[in-house]
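Observations on chain architecture
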Amino acid sequence: MNFNELGLSQKVLAAVEASGYTQPTPIQEQAIPPALQGRDILGIAQTGTGKTAAFTLPMLTRLEQGRARARMPRTLILEPTRELAAQVEEAFARYGVNHKLNVALLIGGVAFGDQEAKIMRGVDVLIVTPGRLLDFFDRGKLLLTGIEILVIDEADRMLDMGFIPDIERICKLVPFTRQTLFFSATMPPEITRLTEAFLHNPVRVEVAPAATTASNIRQVLVASHGHAEKRETLRRRLRSEDNFKNAIIFCNRKRDVAILHRSLEKHGFSAGALHGDMDQMARMASLDAFRNGDVALIVCSDVAARGLDIPDVSHVFNFDVPTHSEDYVHRIGRTGRAGRSGTAISLVTGEDRKYIAQIENLIGNKIDWDGPSPDELPPPLEASRHPRRGERPSRGRRPADRERASDRQPVASDREPSGSRSVRRPSQPGAARPAPPTYGEPDAARSARRVYSERRERRPRLREDDGPPVVGLGDHVPSFLLRPVVLKPAKVGEE
Ligand code: AMP
């Protein structure tokens, strides 16, 4: 089948041709014709399958009839993260080059004023993250009664991020008669319940997960002990990998993203970072720097990175083995895209073996060890051992301890964005150190924005793990509490 047979308008077909696509992908082939007829769609597909065009192309065709009115958007697209929302906006710019449609992005971390002005002028396509949309709605800045098409994208991620109550509320605010295009990579019971409540007789379209264990991705496991040793193993691999161009490095916790990012920069690597606590400008700058090749490495958490379409990534590293096996599939799917070859390397400690077993079970394959397994690994270096509670650290600090201490130093906030750094892979002795990362802007606007975004965007709990909760003072007991207390004997007459 080719695009001409799907029923798309001439303007859309011209844009598709200009994009260089010759054939629709399976999800496009199955979803576009019923979407053009106004049917609801339940698309079970993940990124990499061409699902963005599967909803964008019919929307553009249908939007050619009618026009937008002030404060009343005609179509609404819900995305779980700001990056995905921005990616969909880019898709509209590409496929909508021959249309004069107003497309607006309503996401956290961007000034209210500009967004409001756009909505006032009338918007054909409004692309939003749920928190910011409800904010606007609750302030009376827009009406949802003119919505003709509602798209809910990456629904299972919305669930992971705690957005489902917001989605339910939004579904009740838009007209009952709208068309709904609903996409999810998986169908857990909560998502099925949502589709039963809000989709009307949908056409179900299911495509095989992209590149689950694609043969063009070389997967290996590398045994390592705790974090300091894993950082060293990672550096060694980054310096020695064949066909290395760039790498996405995944950590399980956003706290560790920041630590690893600083450590890599300290060792002379050009690296960016991406996690949910960074403000929007820093997130976009990191992502752009990686996409443009200004930095060769990006350290990410799952929440920030899932679903991003970065076409040419040679390596994926699991600095931490993911505890959910599906995340492994999503992570390694960032490389080996569009038929290219890629490498996925997981650093595995003894405790991770149970997760590796689950992953192998899911993908139906054993993953090879490169070098010894954790059982065969020599015991950890004395230097990489954290002092136990109550144990006094030695006076002369060893190299691994020094690295940890510098990792713990707070990041100054008035540094350049990571996008301004040059590409350097291995450590270059004597080379100027790249500017350390910025996780925000230095001024009052930044703190105001951060307070705002924490209050609003993070209202649904983002499930990025901060690690186990600290009880009481945790491992840190202030020294004044440990000082012996001398009790004077009471004098006669004193109580
Ligand atoms: P998505 O699943 O929407 O994230 O799309 C993944 C990638 O596939 C994007 O880079 C699109 O530009 C590309 N793409 C979408 N549709 C087609 C097509 N019919 N032929 C070739 N590439 C496509």
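Residues numbered from 1 in each chain as written. Predicted model: local features only at pLDDT ≥ 70, side-chain atom pairs only at ≥ 80, totals over all residues. Heavy atoms only, no water.

A word on the packing of helix α14 (residues 325-332) against helix α15 (residues 353-363)
Two quantities define a packed helix pair, namely the angle between the helix axes and the distance between the axes. To keep things clear, this is the line we draw: The convention used is that axes are lines fitted to C-alpha atoms, helices contributing only their stretch in contact, and that angles between N-to-C directions extend from 0 to 180 degrees. Elements are defined by DSSP. Helices are runs of H or I of four residues or more, strands are runs of E of two residues or more, and each kind is numbered from the N terminus. The cut-offs work like this: below 35 degrees is roughly parallel, past 145 is roughly antiparallel, 65 to 115 is roughly perpendicular, and the gaps in between are oblique. We call a crossing left-handed when the near helix sits turned anticlockwise from the far one by less than a right angle, and right-handed when that turn is clockwise. Residue contacts follow a heavy-atom distance rule, with two residues in contact if any of their heavy atoms lie within 4.5 Å. Residues are grouped as follows: Ala, Val, Leu, Ile, Met, Phe, Trp, Tyr, Cys and Pro are nonpolar; Asp, Glu, Lys and Arg are charged; every other residue, Gly included, is polar.
It is at 8 Å that the axes of α14 and α15 come closest, and there the two elements cross at 70°. Compared by their axis directions, α14 and α15 come out roughly perpendicular. Viewed along their axes, α14 and α15 form a crossing whose handedness is right-handed. Contacts between α14 and α15 involve S325, E326, Y328 and V329 on the former and, on the latter, Q358, I359, L362 and I363. Residue classes in the contact of α14 with α15 are distributed as five nonpolar, two polar and one charged.

A closer look at unusual backbone geometry
Basically, it comes down to this: Exposure categories follow from relative accessible area, calculated using a 1.4 Å probe and restricted to protein chains: below 20% of the type maximum is buried, above 50% is exposed, and the middle band is partly exposed.
Phi angles above zero are rare outside glycine, and E154 is one such case at about 55°. Its location among the elements puts E154 in the loop between β5 (149-152) and α7 (155-160). Take E154: its relative accessible area is 7%, and that puts it in the buried class. One non-glycine residue with positive phi stands out, namely N243, at about 50°. Checked against the element boundaries, N243 lands in the loop between α10 (227-240) and β9 (247-250).

Concerning the pairing of β9
Definition in use: What makes two strands pair is DSSP finding at least two bridges between them.
Judged by which residues are buried, β9 turns out to be covered on both faces: A247 and I249 on one side and I248 and F250 on the other are all buried. Here β9 pairs with strand β11 (residues 297-300) via four bridges, running parallel. Considered in β11, the bridge of F250 is made with C300. With four bridges connecting them, β9 and strand β12 (residues 315-318) associate as parallel partners. Residue I248 lies in a different strand from β12, and its bridge partner there is V316.

Topic: helix α6 (residues 130-138)
Within α6, seven of the nine residues are buried, which leaves the element mostly enclosed by the surrounding structure. Those residues of α6 that sit buried are P130, G131, R132, L133, L134, D135 and F136. Positive backbone phi, at 70°, marks G140, one or two positions downstream of α6.

Concerning the pairing of strand β8 (residues 217-223)
With respect to burial, β8 is a largely interior element, six of its seven residues being buried. As paired elements, β8 and strand β13 (residues 342-348) share seven bridges and run parallel to each other. Pairing of V220 across the sheet is with I345, part of β13. When β8 meets strand β14 (residues 368-369), the two strands line up parallel, connected through two bridges. Bridge pairing links L221 to W369 in β14.

Comments concerning the site of the ligand
Heads up, the condition is: We call a residue near a molecule or strand as soon as one heavy atom of that residue lies within 4 Å of the molecule or strand. N or O atoms within 3.5 Å of each other form a polar contact, as long as, within protein, one can give a hydrogen and the other can take it, and as long as residues adjacent in sequence are counted only when both atoms are side-chain atoms. Surface accessibility follows the Shrake-Rupley procedure with a 1.4 Å probe radius. Residue values consider only the protein chains on display as shielding.
Neighbouring the ligand are 14 residues; Y21, G48, G50, T52 and D309 lie closest to it. Measuring from a nitrogen atom of the ligand, one finds a backbone N or O atom of Q23 at 2.9 Å. Taking 490 Å² as the accessible area of the ligand by itself, protein coverage stands at 77%. Across the shell around the ligand, the residue classes tally to three nonpolar, eight polar and three charged.

Quick word on the packing of helix α8 (residues 164-173) against helix α9 (residues 189-198)
The interhelical angle for the contact between α8 and α9, taken along N-to-C directions, is 5°, at an axis separation of 11 Å. For the element pair α8 / α9, the angle class is roughly parallel. Judged by residue contacts, I164, I167, E168, C171 and K172 of α8 engage I191, R193, L194 and F198 from α9. Within the contact of α8 with α9, the residues separate by chemical class into six nonpolar, no polar and three charged.

A closer look at the packing of aromatic side chains
We count it as follows: When two rings of Phe, Tyr or Trp (its six-membered ring) have centres within 6.5 Å they constitute a pair, described as stacked for plane angles under 30 degrees, edge-to-face for angles over 60, and tilted for the intermediate range. Criterion for a charge above a ring: Lys NZ or Arg CZ within 6 Å of the ring centre, and within 35 degrees of the ring normal.
Going through the model one piece at a time under the given rule, you end up with three aromatic pairs. Plain terms: the ring middles of F55 and F183 are 5.5 Å apart, the flat faces sit at 45° to each other, and that makes the pair tilted. With a gap of 128 residues between them, F55 in helix α3 (residues 51-63) and F183 in strand β6 (residues 179-184) connect regions that are remote in the sequence. As far as burial versus exposure is concerned, F55 and F183 are alike and both buried. Where F112 meets F136, the ring centres are 4.8 Å apart and the plane angle is 5°; that geometry is what we call stacked. With F112 in helix α5 (residues 112-121) and F136 in helix α6, this pair connects stretches of sequence that are 24 residues apart. Judged on exposure class, the residue F112 and its partner F136 are both buried. Sitting above the plane of the F112 ring, R132 keeps its charged end 4.4 Å from the centroid. Lying across the ring of F319, K230 places its NZ or CZ 4.9 Å from the centre.

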